[in-house]
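Understanding the architecture of this molecule
One-letter residues, chain by chain:
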Amino acid sequence: MRSASAARAAPAPRRSFVSDLAQHWRWVGLIWLEVSVAYAAYSLYLAARARRAGRREEDR
Amino acid sequence: MTDTHQAPRRPLWWRALALVTLVLFLVGAYLALVVSPPDVNQGQLIRMMYAHVSVAWVCFVAVLVTAAYGMLFLLRGNGIDDARAVANAEVAIFFAGLTLVSGMTYSKPTLNTYWTWDAKLTLTALMFALLVGYFVVRGLIDDPTRRGRVSAVVSMIVAASLPFNYLAAAWFRTLHPTLSVAVTGVHVAPTMLFVLVFNAGVAALIYLTFVSERVRIGKLEMARHEERERRESGPGSKEVVRV
C-alpha cells in the first residue's frame, strides 16, 4: 500500500509551454483560422463588388 | 463586351490603412499566441479569448454606428447617410456572424458545449437575426426614401438590444462569463489586458478598413443608379437604354 507521504512526493509533471499549447492547438488554431479566413473572404467579396460597381454602364 | 474600364483606384490612404492593419493583425496574433501568459483557469485556451472578444466588441460598435447613421437619415433625408448606414450594417452582420461562430468555437473546449439558449447567447442570436431582417426589409422596398426610413428604424431596434446584451451576463444566470473589463473595473492581468486591448484596436482598424471601402462601393453604386435613371428619363432615352 502506498503511503500518504509517497503520494505527496509525486508531484504532477511540469508541463512546458509547447506541450501545454499543443494539447489545445486545435481549438486555439481553429478560432484564429476562422477569424483570418473570414477577414480574407470578406476582403475578396468587397474587391469583387468594387470591380463590379466601378464598371461603367456601357461596359455591362 | 470587354471590360476596358476598371474600377476607380482606391485612395492611397485606404491602401496604407489596409497595409498597416494587416501588419498589426499579425502582431496581435503573435501577442495572443505567444506573449500572453496562460490563464489560471483556462490555461492556454485563453488565447482564444483575444480573437472572440475583440470581434464581439467591434460588432457592438458597428451596430451603434449603423443606428447613428440611420438616425441621421431620418433627420436629414440625405442619401449618403443611408449608404453609410448600409455599409455599417453589412460590416455589423459580418462581425455578428463571426462573434457567434468564434463564440461557439471558444465555448466548446472551455464550457463543454457549443451552444445554450441562455440570455447572453440568445440576445446575440437575436441581434444577428435582426440584422438579417434589416437587409430583408431593404430588399422588399423599392422606394429609396421609404427603404432608408424603415431600415433606419430596424437599425435602432437592433441598437436598443445592445445594453441588454452587454449586461445579460451580469443580470441573468448564464453560461457566458461575466464581464472582466467593464466600467465598474478591470479584472484582467495587465499583460492580458494589453493583449486584449491591442487586438480590439486591430479589430477596430479592420472594421474601419472594411467600412470605408464599403461606403466607397455604395457611392459608386449610387452614382451608377443615378446615371441610369438620368438616361431612362432623358430625351432619346429608349435608344440609349437599348444600347
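Residues numbered from 1 in each chain as written. Chains lettered and ligands numbered in written order. Predicted model: local features only at pLDDT ≥ 70, side-chain atom pairs only at ≥ 80, totals over all residues.

1. Let's talk about the interface of chain B and chain A
Test applied: Placing C-beta atoms from the backbone, we regard two residues as in contact once those atoms come within 7 Å. Numbered from the N terminus, helices here are DSSP runs of H or I no shorter than four residues, and strands are runs of E no shorter than two. Gly falls in the polar group here, along with every residue not listed as nonpolar (Ala, Val, Leu, Ile, Met, Phe, Trp, Tyr, Cys, Pro) or charged (Asp, Glu, Lys, Arg).
Each partner contributes to the interface: chain B provides 34 residues, whereas chain A provides 23 residues. Every element with two or more residues in the side of chain B that touches chain A is listed here: helix H2 (46–76), helix H3 (79–111) and helix H7 (190–233) of chain B. Class assignment of the residues belonging to the side of chain B that touches chain A gives a composition of 18 nonpolar, 8 polar and 8 charged.

2. Details of unusual backbone geometry
All names here are of chain B. To keep things clear, this is the line we draw: Here a residue counts as buried when 20 or more other C-beta atoms sit within 10 Å of its C-beta, as exposed when there are 12 or fewer, and as partly exposed otherwise, the C-beta atoms being derived from the backbone.
The backbone phi angle of Asn112 is positive, close to 65°, even though this residue is not glycine. With respect to the secondary-structure elements, Asn112 resides in the loop between H3 and helix H4 (119–140). Residue Asn112 is classed as exposed on the basis of its C-beta count, with 8 C-beta atoms lying within 10 Å.

3. Side note on H4 of chain B
Since one α-helical turn is 3.6 residues long, residues separated by three or four positions face the same way. All names here are of chain B. Keep this limit in mind: Expected helix span is given by 1.5 Å per residue-to-residue step, counting one fewer step than there are residues. Relevant arc is that of directions from the helix axis to the C-beta atoms, nothing else.
Compared with an ideal rise of 1.5 Å per residue, which puts 22 residues at 32 Å, H4 spans 31 Å between its outermost C-alpha atoms and is within 8% of the ideal. The set of residues buried in H4 consists of Lys120, Leu121, Thr124, Met127, Leu131 and Tyr134. End-on, the buried residues of H4 take up no more than an arc of 130°, which puts them together on one face. Looking at H4, the residues exposed on the side facing more than 90 degrees away from the buried face are Ala129, Val136, Gly139 and Leu140. Each element contacted by the buried residues of H4 is listed here: H2, H3, helix H5 (144–160) and helix H6 (162–171).

4. Re the nonpolar core
Nonpolar side chains tend to gather and get buried jointly when the protein is soluble and globular. Applied cut-off: What makes a nonpolar core is a set of buried Ala, Val, Leu, Ile, Met, Phe, Trp, Tyr and Cys residues, with links drawn between C-beta atoms within 7 Å.
Ranked by size, the top nonpolar core spans 51 residues in total, and within it Val55, Cys59, Ala62, Ala92 and Phe95 of chain B carry the most contacts. Of all the secondary structure elements, the ones that give two or more residues to this core are helix H2 (17–54) of chain A together with H2, H3, H4, H5 and H7 of chain B. Top contributing element to this core by residue count: H2 of chain B, with 17 residues. Phe95 of chain B has contacts with Val55, Val58, Cys59 and Ala62 of chain B, leaving out every residue within four places of it along the chain.

5. A word on the environment of Leu167 of chain B
One can find Leu167 of chain B in helix H6. Considered as a pair, Leu167 of chain B and Ala119 of chain B are 48 residues apart in the sequence and their alpha carbons are 9.8 Å apart.

6. Observations regarding the environment of Ala168 of chain B
Topologically, Ala168 of chain B is positioned in helix H6. Put simply, Ala168 of chain B and Ala119 of chain B are 49 residues apart on the chain and 6.0 Å apart in space, counted from C-alpha to C-alpha.

7. Structural notes on the environment of Val23 of chain B
Residues and elements named next belong to chain B. With respect to the secondary-structure elements, Val23 resides in helix H1 (residues 12–35). Taking the number of C-beta atoms within 10 Å as the measure of exposure, Val23 has 11 and is therefore exposed. Linking Val23 and Val202, residues 179 residues apart in sequence, is a C-alpha distance of 9.5 Å.

Function cannot be inferred from these measures alone, as they are strictly geometric.
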